[in-house]
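Survey of secondary and tertiary structure
Each chain, letter by letter, is given below.
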Amino acid sequence: MRTPVLAALALLFSAAARADDTKPPQISDVRASVKGSQVLVEARITDETGVLSAVLHHRAPGGKVEDTPMVKNDYDDVFRVSFPGGPGTEYWIEASDLLGNGPAAYGSSGKAFAVTGSSEGGKVAAAPPPAKKREPAKQEKPSRTAARAPEPPAIQHSAAAAPPEGRDLTVRTKIRSDSPVAVAVLQARAQGTSAFTNLPLARTGGDAWETQIPAAMARGTVEYFIAAKNQAGRMTVQGAGDGQTPYLVTFRSGGTTVTAAGAQPAGPYLFADDPPVRVLPGRPILVRVQVVPPADRGEMPDRVAVLWRGNDAQDQLTDMVRDETGGWGGYKAVLPAQEEGAIFYQVVACDASAAKCAVDTGSRRSWHATAVASQPVRARPLPLDAVSTKAPPSLPE
């Protein structure tokens, strides 16, 4: 699935890609070998504007086809992949560029190549050779003290809860990168269709980015990926757990229940938010959320607030205000800056009498845990399991 995903991405790269490139990538110097129980395949794949994806399709003789992404070397145009297999394994390669040209193919399902039994990387059956082999530019072997190559962007996102069909849905994400992010997009399509729509993400501050799935698309089930490319040329395509499985969100119609991935259990209200793993010490903390009723004719909450506990371990309640940029049901609040440590919070929504309340974690005992740290962290702080005296009595256990 990754091959067609974000094929139109480079339309946003006016500085990085030439609009007159209409040629698919060139695949050459393909080699395949068997070492032990592993098949190793490498190929030189070049393109004028850059290779978006290279996928090796492979199967045991008469077996099911499997797709494995090929990984590019940091210092040349060689893509490699390894997978369990042996002599006789059949394979072919497809590659597309950043402008959506392709896929270029080396072999096909009907004309697959067979891996030989050589353990020294012998060439497989030859495809038509290129007109002239272009020698790669000579590059010096990096020393052990050389600077570390920039990492691809890291994307943090939880699938949004859906508003009723026919309304804009704001999708928020966090994108962190050693090199500045050059472009970020959300690619969405109706489930069962093949064409993705490019929705540019806009930075809203720090590592926060957002876009909207427009009302015209807000029907049925929509699947989407998030992709970002930094100025060092490294790119990440993120889906639900990997770059090949899309996020799913199902819009409700006629008062049916929301079934969006990531939605909180049905109750008086549904929430969509993306709690950060880390915030910087000494800076105010922005909390944003979408809160909607579970049915088309349901009522919006009269009060939305953040119940939080900071460095002093004292519970506090801060009212949220309407967020005009947050779509339908958008709210925001700014919490005071904290020192190194952790902050815990819940988003609570209630009617005027507080007889009907809901919490975005699903239980009054569950809190979001966010590290307050000046350096990146590997994981969230240990979760907090406690009931606050400031929590409305009608919240679920």
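Residues numbered from 1 in each chain as written. Predicted model: local features only at pLDDT ≥ 70, side-chain atom pairs only at ≥ 80, totals over all residues. Heavy atoms only, no water.

**Observations concerning the overall build of the protein**
Which entries qualify depends on this criterion: Helix numbering and strand numbering both begin at the N terminus, where a helix is a DSSP run of H or I of at least 4 residues and a strand a DSSP run of E of at least 2. Three labels apply to residues, based on accessible area from a 1.4 Å probe with only protein chains included: buried if under 20% of the type maximum, exposed if over 50%, partly exposed otherwise in between. By definition in these notes, contact holds between two residues if any of their heavy atoms fall within 4.5 Å.
Summing up its helical and strand segments, the protein has zero helices and 28 strands in all. Residues counted as buried form 45% of the 397 residues belonging to the protein. Excluding contacts between residues fewer than 6 apart, the proportion of contacts in the protein whose partners are at least 24 apart in sequence is 68%.

**As for the nonpolar core**
The line we're drawing: In these notes, a set of buried Ala, Val, Leu, Ile, Met, Phe, Trp, Tyr and Cys residues joined through side-chain atoms within 4.5 Å is what counts as a nonpolar core.
Core analysis: the largest hydrophobic core is formed by 22 residues, its most contacted members being Leu186, Ile213 and Tyr224. Residue assignment for this core shows that the elements contributing at least two residues are β11 (169–176), β12 (181–190), β15 (208–213), β16 (221–230) and β18 (247–250). One finds Met70, Ile93, Tyr106 and Val115 within the second-largest nonpolar core, a separate group that totals 21 residues.

**Considering the side chain of Asp323**
Applicable threshold: Side-chain atoms alone can form a polar contact between residues adjacent in sequence; in general such a contact is a pair of N or O atoms within 3.5 Å, and within protein one must be able to donate a hydrogen while the other accepts it.
Here Asp323 shows up in the loop between β24 (321–322) and β25 (330–335). Polar contacts involving the side chain of Asp323 include one to the side chain of Arg288, which spans 2.7 Å. Beyond its immediate chain neighbours, meaning those up to four positions away, Asp323 contacts Arg172, Arg288, Gly330, Tyr331 and Lys332.

**A look at the packing of aromatic side chains**
Heads up, the rule is: Ring pairs shown here join Phe, Tyr and Trp side chains whose ring centres sit within 6.5 Å, with only the six-membered ring taken for Trp; geometry is labelled stacked below 30 degrees between planes, edge-to-face above 60, and tilted in between. Look at NZ for Lys and CZ for Arg. If either is within 6 Å of the ring centre and within 35 degrees of the ring normal, a charge sits over the ring.
Within the structure shown, the criterion is met by four aromatic pairs. With 6.1 Å between their ring centres and 40° between their planes, Tyr91 and Phe113 make a pair best called tilted. With Tyr91 in strand β7 (residues 90–97) and Phe113 in strand β9 (residues 113–114), the pair connects residues that are 22 residues apart, well separated along the chain. A single burial state applies to Tyr91 and to Phe113, both of which are buried. With centroids separated by 4.4 Å and ring planes inclined at 25°, the aromatic side chains of Tyr106 and Phe113 adopt a geometry described as stacked. Residue Tyr106 is classed as buried on the basis of its relative accessible area, which comes to 9%. Through successive ring pairs, a cluster of aromatic residues spans Tyr91, Tyr106 and Phe113. Against the face of Trp367 rests Arg309, its NZ or CZ located 5.4 Å from the ring centre. Sitting over the face of the ring of Tyr331, Arg322 holds its NZ or CZ atom 5.3 Å from the ring centroid.

**Some words on the pairing of β16**
The side chains of a regular strand alternate between both faces of the sheet. Put simply, the rule reads: Whether two strands pair depends on DSSP finding at least two bridges between them.
Most of β16 sits inside the fold, with nine of its 10 residues counted as buried. Here four bridges tie β16 to strand β17 (residues 235–238), and the two strands are oriented antiparallel to one another. Within the sheet, the bridge partner assigned to Ala227 lies in β17 and is Val237. Remark: four residues form the turn of the hairpin made by β16 and β17, two consecutive strands paired antiparallel; Gly233 in that turn has positive phi of roughly 85°.

**Section: the sheet that holds strand β6 (residues 78–84)**
Strand order across the open sheet formed by four strands is β1-β2-β6-β5, with antiparallel pairing between neighbours. The sheet terminates laterally at β1 (26–35) and β5 (71–72), the two strands that pair on one side only. As judged from the seven bridges shared by strand β2 (residues 38–46) and β6, these two strands associate in the antiparallel manner. If you follow Gln38 over to β6, its bridge partner there is Pro84.

**Quick look at the pattern of salt bridges**
The condition is simple: What counts as a salt bridge is simple: a side-chain nitrogen of Lys or Arg found within 4 Å of a carboxyl oxygen of Asp or Glu.
Within this structure, the stated rule accounts for 12 salt bridges. One salt bridge connects Glu90 with Arg59, and the closest N-O pair in it is separated by 2.8 Å. Linking Glu90 in strand β7 with Arg59 in strand β3 (residues 51–59), this pair joins segments that are 31 residues apart in sequence. Asp319 serves as the salt-bridge partner of Arg303, at 2.6 Å between the closest nitrogen and oxygen. Of this pair, Arg303 sits in strand β22 (residues 303–309) while Asp319 sits in strand β23 (residues 315–319), and the two are 16 residues apart along the sequence. What makes Arg303 partly exposed here is its relative accessible area of 41%.

**Describing the sheet that holds strand β19 (residues 270–272)**
One open sheet accounts for four strands, arranged β19-β21-β25-β24; its pairing is antiparallel. Looking at the sheet topology across the chains shown, the edges are occupied by β19 and β24. Here β19 pairs with strand β21 (residues 285–292) via three bridges, running antiparallel. Bridging from a neighbouring strand, Ala272 pairs with Gln290 of β21.

**Considerations on the pairing of strand β26 (residues 341–350)**
Within β26, nine of the 10 residues are buried, which leaves it mostly tucked inside the rest of the structure. Summarising the sheet, β22 and β26 pair through seven bridges and their orientation is antiparallel. Looking at β26, one finds that Trp308 is bridged to Tyr345. Here β26 pairs with strand β28 (residues 368–372) via five bridges, running antiparallel. Counted as the bridge partner of Ala342 is Ala371 from β28.

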